[in-house]
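Letter by letter, the chains look like this.
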Amino acid sequence: MVGGPPAPLERVRPMPRRRRSLATRLAIVLGSAVLLLVAIGGAGIAFAWNHASVDTVGKVALDRQLAIPPLARSTVDAAGRRVFDLTAQSGSTDLGGDEPSPTWGFNGSYLGPTLRAHRGERVLVELHNDLPVATTVHWHGMHLPARYDGGPHQMVAPGGTWEPTWRIDQPAATLWYHPHPHGETADHVSRGLAGLFILDDDESDRLPLPHTYGVDDLPVIVQDKDVRGNGHLGSGSGRTIVVNGTVGPYAAVSTERVRLRLLNGSSMRVFDFRLDNGEPFDLVATGGGLMAHKASLDHIRLAPGERAEVVVTMQPGERRVLRSVDPDLGSNFLSSHFDGGDAKFDVLELRAADTLQPSPAVPDVLSTTNLATAGTESESVRTRTFSLSGHSINGRQMVMDRVDFAPILDTTETWQVVNTEDTAHSFHVHDVQFRVLSVDGRQPAPELSGLKDTVYLEPHRHYRLLLRFTDYADPDSVYMVHCHMLRHEDAGMMLQFAVVEPGDRPGELAAVPATRHTEGHTH
Ligand code: C2O
Ligand code: CU
Ligand code: CU
C-alpha cells in the first residue's frame, strides 16, 4: 500500500461523493415522486374532465323506431275502481352495450306501461314484486294519502304485493312512477324501474291538443345510461341516451303537430332540450298540468324528475332532431363542467311523412283553473325555509323515524328554497303541486310558471314556492321533500313531513320498514 501509486483523486474523497450522490438520488426520487403524483393527479383530473365531456351530436345513428310504452290495461272492480296490475321483474335489454344489459322493468324487462286515468276516478294498483330485492313504487307528482305514496316506508318484499288505492283528484298531467327505497333509488331507477302515469280531466278533454297516444301524443322518457363493457349499468351519469328504452331512436310523425311528453328519467343528468334548427315549440304543460297560456320556447331545461309537454309543428317530409345542448346549470365553470353543463346529445329524430294530417292550432289559453291548486299568496299561513348544500337540507339528513315538519291540513304555505353551493341540486315535494312565486324576487320564467312538483335550483338563487295541503291528513305517515338528483337523495338529501289536522301532532314512525331486510335482499 505504501509503495503503491497514489490513489486517484477521485478515490480520496469517496464519502462526499457518495453523500452527494445519496442526496441527489433522494432528491431525484422525491422529485420524481412529486412529478409522478402531479402527472397522476393531472391525468386523473384530465380523465375526470374528459369523462364529464360528451358530445354525441351528429355521431349517433337515429335509426331505431322509438318504443312506445304500452298503455296499461285495466279492469273496473265491483267497487268501481280502475285496477292496474304492475309486476316488478328482472330481464335483459339491449341498451347499446356489447352484451344485453341486465335490467328491471314493470310487466317487461325495461321501464313499465303507461298508466292512464281520469280525474274523479278511483284507482287501485296491484303491485307485485318479482325481484330478488325489496323495492317500492312512488307516484311522483300524485296527490294521494301518504300511506300510499310509495316512499321508503312502504317497502314491498320479494314475492310480496302492495295495493295502494286512491281517488284521482288533481289536474290533467304527465306524472310518473318509480321506486323510492331508502338509499337505493338511483340503483333501482337506473336498472329500468320507471313509467308514466298520465292524468286527464274535463279541461284537457276539451282542448284541441294532439292527444292520440303513440301517434301524435308521444311519451318521451329520456335517460342517460352508463353502459359498461359487459352491458352492466352504472347508476350515475352516462353517455348513452335512451328514449323509452330505445337507443338511437326516431319517431315517425304523420300529423302536422306532435305533442311530446318529456320526462327526464335520469339519475343525475340535467337536459336542455331544443330542436336542431333552433325553431321554437309550444310549451303547453309543466309537471303538474296545463299552463294558463302556452309559451313559445326554443329550449327547455329539465332536471331529473321534471316533465314538460311541448307541441312541435312539423313540415311535410322534414326530419328534426331533438337535442340536449349545454344545459345552463347556473354554476361556476368547473362545477358546471363536472355536472354536465357542456354535454351535448342527440336525443330523438322526428321524421315527418310527405303528407301530414292537419292538426288544429295550439290554443293560447289552456287552463284557467290549475294555478288555484297551489292556493293564493294572501292565504299563506306560514313561511318555511329550505337551504340545500352538501347532502343535507337545513343541515339535516334523512332519518327514517323522524318527522321533520308538519303542515296543517287545508292551509297554504310559502317555502323559500335556496341551493347555497355551486353543485346541481333540485327540490321535489311529494303530495302537492306547487307554484313558483318568484326567483330572486322576480317573476318566474314561462317554464316555471305552471304547476310543478320538482324544480331545478340554480345555485344561490332564492325560489319562493306556494303550496296548499288538502284532503289527506295522517300523523303516522309521511311524505318527502328532497333533491331529485337521485344519488344526492340516496345520500340523505331528504326530509320527511306529515300533514296533520289542526291541533294534531305527528305520531311515531318505524325506524326501519318491516319488509326491508328480507331474505332475498342481496345488497
Ligand atoms: Cu320522484 Cu321522492 O320522488
Ligand atoms: Cu315524488
Ligand atoms: Cu342535489
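Counting starts from 1 at the beginning of each chain's written sequence and moves along it residue by residue. Each chain gets a letter, beginning with A, and each ligand a number, beginning with 1, in the order they are written. The predicted origin of the model limits local features to residues at a pLDDT of at least 70 and limits the giving and counting of side-chain atom pairs to 80 or more, whereas totals for whole chains, interfaces and linings rest on all residues. Where side-chain values are given, they derive from all heavy atoms of the structure, hydrogens and water being excluded.

## Focus on the overall build of the chain
Argument step 1. Strands are runs of DSSP state E lasting at least 2 residues, helices are runs of H or I lasting at least 4, and numbering of each runs from the N terminus. When helices and strands are counted, the chain shows 6 helices and 33 strands.
Argument step 2. Projecting the C-alpha coordinates of the chain onto the three principal axes gives extents of approximately 120 × 65 × 50 Å.
Argument step 3. When contacts within the chain are restricted to residue pairs at least 6 apart in sequence, those whose partners lie at least 24 apart make up 78%. A contact between two residues is defined here by any heavy atoms of the two lying within 4.5 Å.

## Quick notes on the coordination of the copper ion (ligand 2)
For a metal with four donors in a tetrahedral arrangement, the ideal angle between donors is 109.5 degrees, while six donors in an octahedron ideally sit at 90 or 180 degrees.
Argument step 1. Metal donors: N, O and S atoms at distances within 2.8 Å, or within 3.2 Å for Na, K and Ca, with water omitted from the atom set so that some sites may seem incomplete. Binding of the copper ion (ligand 2) to the protein goes through His138 (NE2) and His428 (NE2), at separations of 1.9 Å. Of this pair, His138 sits in strand E7 (residues 138-140) while His428 sits in strand E28 (residues 425-429), and the two are 290 residues apart along the sequence. The burial state of His138 is the same as that of His428; both residues are buried. Working definition: with a 1.4 Å probe on protein chains only, accessible area under 20% of the residue-type maximum means buried, over 50% means exposed, and in between means partly exposed.

## Focus: the coordination of the copper ion (ligand 3)
Argument step 1. Ligation of the copper ion (ligand 3) by protein atoms is provided by His425 (ND1), Cys483 (SG) and His488 (ND1), these donors lying 2.0 to 2.1 Å from the ion.
Argument step 2. Sequence spacing of the donors to the copper ion (ligand 3): H-x57-C-x4-H. Of this pair, His425 sits in strand E28 while Cys483 sits in the loop between strand E32 (479-482) and helix H6 (486-490); the two residues are 58 residues apart in sequence, bridging distant segments of the chain.

## Let's talk about the packing of aromatic side chains
The relation between two aromatic rings is expressed through the spacing of the ring centres and the mutual angle of the planes.
Argument step 1. Ring pairs are drawn from Phe, Tyr and Trp, using the six-membered ring of Trp, whenever the two centres fall within 6.5 Å, and their geometry is named by plane angle: stacked under 30 degrees, edge-to-face over 60, tilted for the rest. Counted according to the given criterion, the structure contains 18 aromatic pairs.
Argument step 2. Measuring from centroid to centroid gives 5.5 Å for Phe405 and Trp415, while their planes differ by 80°, and the two rings are edge-to-face. Within this pair, whereas Phe405 is found in the loop between strand E26 (392-393) and strand E27 (411-419), its partner Trp415 is found in strand E27, the two being separated by 10 residues in sequence.
Argument step 3. For Phe405, a relative accessible area of 9% translates into the label buried.
Argument step 4. Among the aromatic side chains, those forming a connected cluster through ring pairs are Phe386, Phe405, Trp415, Phe427, Phe469, Tyr479 and Phe497.
Argument step 5. Lying across the ring of Trp104, Arg191 places its NZ or CZ 4.3 Å from the centre.
Argument step 6. The ring of Tyr250 carries Arg351 above its face, with NZ or CZ at 3.7 Å from the centroid. Ring-over charges, as used throughout, are those where CZ of Arg or NZ of Lys falls within 6 Å of the ring centre and within 35 degrees of the ring normal.

## Focus on the sheet that holds strand E1 (residues 64-65)
Argument step 1. Only strands joined by at least two bridges in the DSSP assignment are considered to pair. Within the open sheet, the 6 strands sit side by side as E1-E16-E24-E23-E18-E21. Their pairing is mixed. Of all the strands in the sheet, the pair left with one neighbour each is E1 and strand E21 (300-302).
Argument step 2. Of the pairings in the sheet, the one linking strand E23 (residues 319-325) to strand E24 (residues 344-357) comprises 7 bridges and is antiparallel in character. Bridge pairing links Arg319 to Arg351 in E24.

## Brief notes about the sheet that holds strand E33 (residues 494-497)
Note: strands within a sheet are paired through backbone hydrogen bonds, in either parallel or antiparallel orientation.
Argument step 1. A sheet is described by the order of its strands in space; here 4 strands give the open sequence E30-E28-E32-E33, paired in antiparallel fashion. The open sheet terminates on both sides in strands that have one partner only, identified here as strand E30 (454-457) and E33. Going from strand to strand, the sheet's axes swing by 25° on average, the running direction of each strand aside.
Argument step 2. Note: E32 against E33, 4 bridges, orientation antiparallel. Bridge pairing links Tyr479 to Phe497 in E33. Axis lines are fitted through C-alpha atoms, for helices just across the contact stretch, and the angle between N-to-C directions can take any value from 0 to 180 degrees.

## A word on the pattern of salt bridges
A side chain with one charge may pair with a side chain of the opposite charge, provided their charged atoms come close.
Argument step 1. What counts as a salt bridge is simple: a side-chain nitrogen of Lys or Arg found within 4 Å of a carboxyl oxygen of Asp or Glu. Using the criterion set out here, one finds 31 salt bridges in the structure.
Argument step 2. Put simply, Asp404 and Arg402 hold a salt bridge, and the shortest N to O gap is 2.6 Å.
Argument step 3. For Asp404, a relative accessible area of 16% puts it in the buried group.
Argument step 4. Overall, Arg402 belongs to the partly exposed group, its relative accessible area being 23%.
Argument step 5. Through salt bridges with shared partners, a single ionic network connects Asp217, Arg259, Arg261 and Glu309.

## Quick look at unusual backbone geometry
Argument step 1. With phi around 50°, Asn244 is a residue other than glycine that occupies positive phi space.
Argument step 2. Examined against the element boundaries, Asn244 turns out to sit in the loop between strand E14 (240-243) and strand E15 (246-247).
Argument step 3. Here the phi dihedral of His460 falls at roughly 70°; this positive angle occurs in a residue that is not glycine.
Argument step 4. Note that His460 resides in the loop between E30 and strand E31 (462-469).

## Focus: the pairing of E14
Argument step 1. Judged from the 4 bridges that link them, strand E12 (residues 217-227) and E14 form a sheet pairing that is antiparallel. Its bridge partner lying in E14, Val222 is registered against Val243.
Argument step 2. Inspection of the sheet shows E14 paired to E15 by 2 bridges, in the antiparallel sense. Bridge pairing in E15 links Val242 to Val247.
Argument step 3. Count of turn residues in the E14/E15 antiparallel hairpin: 2 residues, of which Asn244 carries a positive phi of about 50°.

## A word on the nonpolar core
Argument step 1. By nonpolar core we mean a set of buried residues, namely Ala, Val, Leu, Ile, Met, Phe, Trp, Tyr and Cys, connected to one another through side-chain atoms within 4.5 Å. Within the largest apolar cluster, 42 residues are counted, with the highest numbers of intra-cluster contacts made by Leu260, Leu262, Phe273, Ile300, Val312 and Val347.
Argument step 2. A total of 6 residues in this core trace back to one element, the largest contributor, which is E24.
Argument step 3. Beyond its immediate sequence surroundings of up to four residues, Leu262 is in contact with Val220, Phe273, Ile300, Leu302, Glu306, Arg307, Ala308, Val310 and Leu322.
Argument step 4. Counting 36 residues, the second-largest nonpolar core is a separate cluster that includes Ala146, Ala424, Val436 and Tyr472.

## Some thoughts on a negative patch on the surface
Argument step 1. The patches reported here contain residues having more than 30% relative accessible area and no salt bridge. Joining distances are 9 Å for like charges and 5 Å for nonpolar side chains (Val, Leu, Ile, Met, Phe, Trp, Tyr). Areas reported here follow the Shrake-Rupley algorithm with a probe of radius 1.4 Å; residue values treat only the protein chains shown as occluding. We treat Lys and Arg as the positive residues and Asp and Glu as the negative residues; His and chain ends play no part in the count. Think of each charge as sitting on NZ of Lys, CZ of Arg, CG of Asp or CD of Glu. On the surface, Asp401, Asp410, Asp471, Asp476, Glu501, Asp504 and Glu508 cluster together to form a negatively charged patch.
Argument step 2. When you line up the elements, Asp410 lands in the loop between E26 and E27.
Argument step 3. For Asp410, a relative accessible area of 45% corresponds to the partly exposed category.

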